[in-house]
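Read off the chains here:
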Amino acid sequence: MQIVYATYPWAFETPGGGEIQLLKYEQYLLNAGADVVRHDPWRGDLDKADIFHFFSCMGGSVHLCNYAKARGIPLVISASLWLTEETKHLYPIAEIAAQLSLADAIVTNGDVESDRISTILGLSRERFHTVRNACDPWFGEPVDPGLFRSAFEVDGPFVLNVGNIEPRKNQLALIRAAKQAGKPLILFGHIRDAEYGEACLAEAGPNVRHLGALDHDSPLLRSAYAACEVFCLPSTLETPGLAALEASAAGARLVVTGEGSTREYFGDHALYVDSDDVEGIAVALIKAVESPPSEQLRRHVNKNFTWNRAVEPLLELYHRLAAAR
């Protein structure tokens, strides 16, 4: 069974969680002996495809999905999408509905994500399949916090945020909240939205540092998670955010948005905030720092949310679709 992976053309210009998810599915499925290849339009690789798995609902994606479907190949789409009645107008909703209606299976990161998309787009809930987000096992292994501190000349406690600099990740509100809380803040991530990045840098004072982007497999990233006083991801939504899982696996205290599927992953082990409540985020940062790190959260994430476990139901789904072809 050959599984072909594809996404929109500029996805890896500023890779984020969705792109890491694609690469980790590929890596761990290959480790399990599956035949996964990346779609190459110059090669013509659909003749041997038993499954076509497309990642994202970015505008324009419907056309390639429609072509694969017309070739009679079972189509899987990873939605990576959080819809509400209040925010659906922000998306090309008709095109997204058309794209997802083509899918034989729609993969989401959480049950509540499936419920929302199904209801708002009027798609059968039976077509949705939850495959949990995850992290590599080495994020749970001991690492020296001094590696990060030495490499970037960081002294003292700090709040950490890892994510592309863009409105959805809500770093601007976090910068303001860190100021209110009196906490130094370190940001890692590509500037995906130039105008928003400029606004963040303009708001940032001497206690805020943007250190660019780190390679996902870098030991410095693991060390930064281990070194931080608290990890904060106050996004407008998360499902649930790979960085939040990685930081939790490393033992960091966690402050995270309540919008999305975060509670399905972290339960009572995290502090949840509203993305538009700067004061609430500041209060949560202070409360998190005053609490001991949650060993229960660290064990919970390392036990339940690793990529080798995550790909098991995905591979089962592929086999079912291929057998029904």
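Only a predicted model underlies this, so the values are computations on that prediction, with no experimental measurement involved. (Residues numbered from 1 in each chain as written. Predicted model: local features only at pLDDT ≥ 70, side-chain atom pairs only at ≥ 80, totals over all residues. Heavy atoms only, no water.)

## Quick look at the pairing of strand β5 (residues 105-108)
Piece 1. By the alternation rule, side chains of β5 split into A105 and V107 and I106 and T108, which are all buried.
Piece 2. Where strand β4 (residues 75-78) lies against β5, three bridges are found, and the strand directions are parallel. Paired with S78 across the strands is V107, a residue of β5.
Piece 3. Traced from β4 through helix α3 (residues 93-102) to β5, the parallel crossover comes out right-handed.
Piece 4. Across three bridges, β5 lies against strand β6 (residues 128-130) in parallel orientation. Bridging from a neighbouring strand, T108 pairs with T130 of β6.
Piece 5. Following the backbone out of β5, through helix α4 (residues 111-121) and into the adjacent parallel β6, one traces a crossover that is right-handed. (Buried < 20%, exposed > 50% of the residue type's maximum accessible area, 1.4 Å probe, protein only. Helix = DSSP H or I, 4+ residues; strand = E, 2+ residues; numbered from the N terminus. Pairing = 2+ DSSP bridges. Right-handed = clockwise from strand over helix to strand, strands pointing away.)

## Focus: the sheet that holds β4
Piece 1. Read across the sheet, six strands follow the order β2-β1-β3-β4-β5-β6 without closing on themselves; strand pairing throughout is parallel. Where the open sheet ends on each side, the last strands, each with one partner, are β2 (35-38) and β6. Taking each pair of neighbouring strands and ignoring which way they run, the sheet shows an average axis angle of 25°.
Piece 2. Where strand β1 (residues 2-7) meets strand β3 (residues 51-55), five bridges bridge the pair, whose relative direction is parallel. Across the sheet, residue T7 finds its bridge partner in β3, namely F55.
Piece 3. The strands that helix α1 (residues 17-31) touches are β1, β2, β3, β4 and β5; relative to β1, the one it contacts most, it runs at about 165°. (Axes fitted to C-alpha atoms, helices over the stretch in contact; angles between N-to-C directions. Contact = heavy atoms within 4.5 Å.)

## Some points on the domain arrangement of the protein
Piece 1. When its domains are assigned, the protein resolves into domain 1 (2-134 + 306-324) and domain 2 (137-304).
Piece 2. Contact residues are listed per partner, giving 24 residues for domain 1 and 20 residues for domain 2.
Piece 3. Across the interface of domain 1 and domain 2, roughly 1800 Å² is buried in total on both sides, 53% from carbon and sulfur atoms.
Piece 4. Among the residues domain 1 hides against domain 2, the three largest losses belong to T14, W82 and T306. Together they make up 30% of the total.
Piece 5. On the surface where domain 1 and domain 2 come into contact, there are four salt bridges. (Domains from an automatic or database assignment. Buried area = accessible area lost by both parts, 1.4 Å probe. Salt bridge = Lys/Arg side-chain N within 4 Å of Asp/Glu carboxyl O.)

## Topic: the UniProt feature "domain: Glycosyl transferase family" (unreviewed entry) in the protein
Piece 1. The UniProt entry lists residues 151-303 under the feature "domain: Glycosyl transferase family" (unreviewed entry), expressed in the numbering used here.
Piece 2. Counted over residues 151-303, helix gives 43% and strand 14%. Its end C-alpha atoms are 30 Å apart. (UniProt positions renumbered as here; feature names shortened; annotations may be inferred.)

## Here's the deal with the side chain of K183
Piece 1. The topology assignment puts K183 in the loop between α6 (171-181) and β8 (185-188).
Piece 2. Summary of buried charges: K183 has no salt-bridge partner, and the nearest side chain of opposite charge, E229, is 4.1 Å away.
Piece 3. Residues in contact with K183, not counting those within four places in the same chain, are V159, A178, E229 and V289. (Lys, Arg positive; Asp, Glu negative; His and termini not counted.)

## Details of a negative patch on the surface
Piece 1. On the surface, D274, D276, D277 and E279 cluster together into a negatively charged patch.
Piece 2. Its location among the elements puts D274 in the loop between β12 (271-273) and α11 (278-289). (Patch = residues over 30% accessible without salt bridge, like charges linked within 9 Å, V, L, I, M, F, W, Y side chains within 5 Å. Areas by Shrake-Rupley, 256 points an atom, 1.4 Å probe, with all protein chains shown as cover. Charge placed at Lys NZ, Arg CZ, Asp CG, Glu CD.)

## Observations regarding the sheet that holds strand β9 (residues 208-210)
What links the strands of a sheet is backbone hydrogen bonding, and the strands pair in either a parallel or an antiparallel sense.
Piece 1. Strand order in the open sheet made by the six strands is β9-β8-β7-β10-β11-β12, with parallel pairing throughout. In the strand order of this sheet, the two ends are held by β9 and β12, each with one partner. With direction set aside, neighbouring strand axes in the sheet form an average angle of 20°.
Piece 2. Pairing between strand β7 (residues 159-162) and strand β10 (residues 230-233): two bridges, direction parallel.

## Quick word on the nonpolar core
Piece 1. Core analysis: the largest hydrophobic core is formed by 32 residues, its most contacted members being F148, L160, F188, Y225, F231 and F266.
Piece 2. Looking at which element gives the most residues to this core, the answer is helix α9 (residues 242-249), with five residues.
Piece 3. When neighbours within four sequence positions are excluded, F148 is seen to be in contact with V154, F158, I186, F188, L211, L220, S223, A224 and A227.
Piece 4. Grouped together as the second largest cluster of nonpolar side chains are 28 residues, V37, A49, F52 and V62 included. (Core = buried A, V, L, I, M, F, W, Y, C linked by side-chain atoms within 4.5 Å.)

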